[in-house]
Amino acid sequence: MTRTDVPSGKRISVLQETASRHALLPLRIFLGVTFVYAGLDKLTDPAFLSATGTGSIGEIMRGVRDTAAVPALVDLALKAPVGFGAAIAIGEILVGLGVLAGLLTRIAAAGGALISLSLWLTVSWAVTPYYYGNDLVYLMAWIPLVMAGAPYLSLDSLRRSR
């Protein structure tokens, strides 16, 4: 199947055009599902939403404080670790839902990038070699969605078409 209605007269495969148009959809689905899952996992884990104890946000923050790139971020989280943990979890859910629905996608993706950046600069900063840490990869994965948004199969595109 080909199309010839492009200005240059070149034939472009419909399949190639469709694949190109929807190239960010798998990334949106992966990041959206992952962030919703991560947020729900945190909110439903009673150990995580505690100031102290094994698996708690407080314990995690105290454990990475001396190796973080920006210890001030960890100190800020340690002032109210349960509130910080809940805010991260809720932020992850909102970001994930926004990207999945394609609603205010660039803003949601920027939120995901900020969450990933803060986790990279604190929790996974000391991971060696750096490419073993996943937060930097998530940060880089958010950038195409910040730049392009969700032009297809999204509430953003539905709003634009009206």
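Here the structure is a predicted model, which is why all the values come from computation and not from measurement. (Residues numbered from 1 in each chain as written. Predicted model: local features only at pLDDT ≥ 70, side-chain atom pairs only at ≥ 80, totals over all residues. Heavy atoms only, no water.)

1. Quick word on the overall build of the protein
Part 1: A count of helical and extended segments in the protein gives 8 helices and 2 strands.
Part 2: Against the 2.2 N^0.38 benchmark of 15 Å for 162 residues, the protein shows a C-alpha radius of gyration of 20 Å, more extended than a compact globule.
Part 3: A principal-axis box enclosing the C-alpha atoms of the protein has dimensions of 65 × 35 × 20 Å.
Part 4: Scored against the burial criterion, the 162 residues of the protein give a buried share of 33%. (Helix = DSSP H or I, 4+ residues; strand = E, 2+ residues; numbered from the N terminus. Rg over C-alpha atoms; globule rule 2.2 N^0.38 Å. Buried < 20%, exposed > 50% of the residue type's maximum accessible area, 1.4 Å probe, protein only.)

2. A word on helix 5 (residues 81-101)
Part 1: Here helix 5 contains 21 residues, and its C-alpha end-to-end distance of 30 Å stays within 8% of the 30 Å for a straight helix at 1.5 Å per residue.
Part 2: Taken as a whole, helix 5 has its buried residues at P81, G85, I88, A89, G91, E92, I93, V95, G96, G98 and V99.
Part 3: The elements touched by buried residues of helix 5 are helix 2 (25-44), helix 3 (57-64), helix 4 (71-79), helix 6 (105-122) and helix 7 (134-148).
Part 4: Immediately downstream of helix 5, the backbone of G102 shows phi near 70 degrees, a positive value. (Expected span 1.5 Å × (residues − 1). Contact = heavy atoms within 4.5 Å.)

3. Topic: the environment of S124
Part 1: Its location among the elements puts S124 in the loop between helix 6 and helix 7.
Part 2: Expressed as a C-alpha distance, the spacing of S124 and L73, which sit 51 residues apart in the sequence, is 13 Å.

4. Quick notes on unusual backbone geometry
Part 1: In this structure, P129 follows T128 across a cis peptide bond, with omega equal to -10 degrees.
Part 2: Tracing the backbone through its elements, the reader meets P129 in the loop between helix 6 and helix 7.
Part 3: A positive phi angle is found at L104, which is not glycine, with a value near 50 degrees.
Part 4: Relative to the elements of secondary structure, L104 occurs in the loop between helix 5 and helix 6.
Part 5: The phi dihedral of L153 is positive, around 50 degrees, even though this residue is not glycine.
Part 6: Topologically, L153 is positioned in the loop between helix 7 and helix 8 (155-161).

5. A closer look at the packing of helix 2 against helix 5
Part 1: The geometry of helix 2 relative to helix 5 is characterised by a closest axis approach of 7 Å and an angle of 155 degrees between their N-to-C directions. One finds that helix 2 runs roughly antiparallel with respect to helix 5. The handedness of the crossing between helix 2 and helix 5 is left-handed. Each of R28, I29, G32, V33, F35, V36, A38, G39, L40, K42 and L43 in helix 2 lies in contact with helix 5, whose residues at this interface are A86, I88, A89, I90, E92, I93, V95, G96, L97, V99, L100 and A101.
Part 2: Looking at the contact of helix 2 with helix 5, its residues break down into 17 nonpolar, 3 polar and 3 charged. (Axes fitted to C-alpha atoms, helices over the stretch in contact; angles between N-to-C directions. Parallel < 35°, antiparallel > 145°, perpendicular 65-115°, else oblique. Left-handed = near helix turned anticlockwise from the far one by under 90°. Nonpolar A, V, L, I, M, F, W, Y, C, P; charged D, E, K, R; others polar.)

6. Some details on the confidence of the model for the protein
Part 1: Predicted confidence across the protein gives a mean pLDDT of 92, with 93% of residues reaching 70 or more.
Part 2: Ranking the elements of the protein by mean pLDDT puts strand 1 (residues 2-3) last, at 52, and helix 2 first, at 98. (pLDDT = per-residue confidence, 0-100.)

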